[in-house]
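Coordinates in review
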Amino acid sequence: MVIIIRGPSGAGKSTACKELAKRHKPSIVISLDDIRHWRTDWTFSDNEESLALQSAASTAQLYHDNGYTVFIDHVFLNRWEYDKFVESVDVDESEIKLFTLIADLGILMSRDSGLPDNLKMGKRVETLYDEFKNSDEDRGVLIDTSAMSVEEVVALIHTEYL
């Protein structure tokens, strides 16, 4: 199974993926942020973004084919980006689950302010929040994490959808 968890910064994607992976053995968490960190500079062209997405898809395919549950942690802001990723992973559509985590802007900003300085997103949190709120993406399951603990988010996904 390939479980994709998307959402703006601070919604809980990374934490939910890591906690869910503990419940599904064997499993792997693939974070596109981690793949981006392979680069030594922070200037990304569209081609480099495409390469990161292809790297994640290839890795997901390899692990899936070897019996792993694959958790993907990424923003996936655009429909085309998500579609391109799914098309790149040769998995039956019934084995792909999409979850979008969202929270109120104030909650996202608060979560961001609690991060170490080198991980804070600042204004980017607001930009991503606005883009998600105005998105036409309606596939998968939408979960508002504003009033939920990580444990509640994980339990909801695990018991209701997986």
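Each remark here, short or long, concerns the structure printed above.
Quick look at the structure, then.

Conventions we followed
- Residues numbered from 1 in each chain as written.
- Predicted model: local features only at pLDDT ≥ 70, side-chain atom pairs only at ≥ 80, totals over all residues.
- Heavy atoms only, no water.
- 1 Å grid on protein atoms, 1.4 Å probe; cavity = no way out; pocket = protein on both sides within 12 Å on 5 of 7 lines; lining within 4 Å.
- Points joined across faces, edges and corners; volume = space filled by probe spheres on them.
- Helix = DSSP H or I, 4+ residues; strand = E, 2+ residues; numbered from the N terminus.
- Nonpolar A, V, L, I, M, F, W, Y, C, P; charged D, E, K, R; others polar.
- Core = buried A, V, L, I, M, F, W, Y, C linked by side-chain atoms within 4.5 Å.
- Buried < 20%, exposed > 50% of the residue type's maximum accessible area, 1.4 Å probe, protein only.
- Contact = heavy atoms within 4.5 Å.
- Phe/Tyr/Trp six-rings, centres within 6.5 Å; stacked < 30°, edge-to-face > 60°.
- Axes fitted to C-alpha atoms, helices over the stretch in contact; angles between N-to-C directions.
- Parallel < 35°, antiparallel > 145°, perpendicular 65-115°, else oblique.
- Left-handed = near helix turned anticlockwise from the far one by under 90°.
- Salt bridge = Lys/Arg side-chain N within 4 Å of Asp/Glu carboxyl O.
- Pairing = 2+ DSSP bridges.

1. Details of the layout of surface pockets
In this model, the largest pocket occupies a volume close to 1,500 Å³. Looking at the largest pocket, it is lined by 45 residues, and the ones nearest its centre are Ser-9, Lys-13, Asp-33, Val-75 and Met-121. Mapped by element, the contributors of at least two residues to the lining of the largest pocket are α1 (13-23), β2 (27-31), α2 (32-36), α3 (46-65), α4 (79-88), α6 (123-133) and α7 (150-161). The dominant element in the lining of the largest pocket, judged by the number of residues it contributes, is α1, at five residues. Residues belonging to the lining of the largest pocket are distributed by class as follows: 18 nonpolar, 14 polar and 13 charged. In this structure, the second largest pocket encloses a volume near 210 Å³. Arg-6, Thr-100, Ile-102, Phe-132, Lys-133, Ser-135, Glu-137, Asp-138, Arg-139, Gly-140, Val-141 and Leu-142 together form the lining of the second largest pocket. When contributions to the lining of the second largest pocket are tallied by element, the ones reaching two or more residues are β4 (96-102), α6 and β5 (141-144).

2. Topic: the nonpolar core
Grouped together as the largest cluster of nonpolar side chains are 24 residues, with contacts concentrated most on Ile-5, Phe-99, Leu-101 and Ile-157. Residue assignment for this core shows that the elements contributing at least two residues are β1 (2-6), α1, β4, α6, β5 and α7. Excluding residues that lie within four positions of it along the chain, Ile-157 makes contacts with Ile-5, Leu-20, Phe-99, Leu-101, Ile-143 and Leu-162. Ranked by size, the runner-up nonpolar core spans 21 residues in total, among them Leu-32, Ala-60, Ile-96 and Leu-98.

3. A few points about the packing of aromatic side chains
Each aromatic ring pair is summarised here by two numbers: the centre-to-centre distance and the angle between the ring planes. Per the counting criterion, the structure on display carries four aromatic pairs. Taking the centre distance of 4.9 Å and the plane angle of 90 degrees together, the rings of Tyr-63 and Tyr-68 count as edge-to-face. On the accessibility criterion, Tyr-68 (29% relative accessible area) is partly exposed. Within the aromatic cluster, the residues linked to one another by ring pairs are Phe-76, Tyr-82 and Phe-85.

4. Thoughts on the packing of helix α5 (residues 105-113) against α6
One can describe the packing of α5 onto α6 by two numbers: an axis separation of 10 Å at closest approach and a directional angle of 150 degrees. By the angle between their axes, α5 is roughly antiparallel relative to α6. In this structure, α5 meets α6 at a crossing whose hand is right-handed. Taken together, the residues of α6 that come into contact with α5 (itself represented by Leu-105, Leu-108, Met-109 and Asp-112) are Val-125, Glu-126 and Tyr-129. Here the residues of the contact of α5 with α6 sort into five nonpolar, no polar and two charged.

5. Some thoughts on the pattern of salt bridges
Following the criterion strictly, the structure yields seven salt bridges and no others. Glu-137 is the salt-bridge partner of Arg-79, the closest N and O atoms lying 3.7 Å from each other. Remark: Glu-137 occurs in the loop between α6 and β5 and Arg-79 occurs in helix α4; sequence separation between them is 58 residues. The class for Arg-79 is partly exposed, based on a relative accessible area of 28%. For Glu-137, a relative accessible area of 14% gives the class buried. Salt bridges linked by common partners bring Arg-79, Asp-83, Glu-137, Asp-138 and Arg-139 together as one network.

6. Brief notes about the sheet that holds β1
One open sheet holds the five strands; their spatial order is β2-β3-β1-β4-β5, and the pairing between them is parallel. Edge positions in the open sheet fall to β2 and β5, since each of these has one partner strand only. Shown here is a sheet whose adjacent strand axes are inclined to one another by a mean of 20 degrees, direction ignored. The sheet contacts of α7 involve β1, β4 and β5, and relative to β4 the element is tilted by about 150 degrees.

These figures come from the coordinates and say nothing about function on their own.
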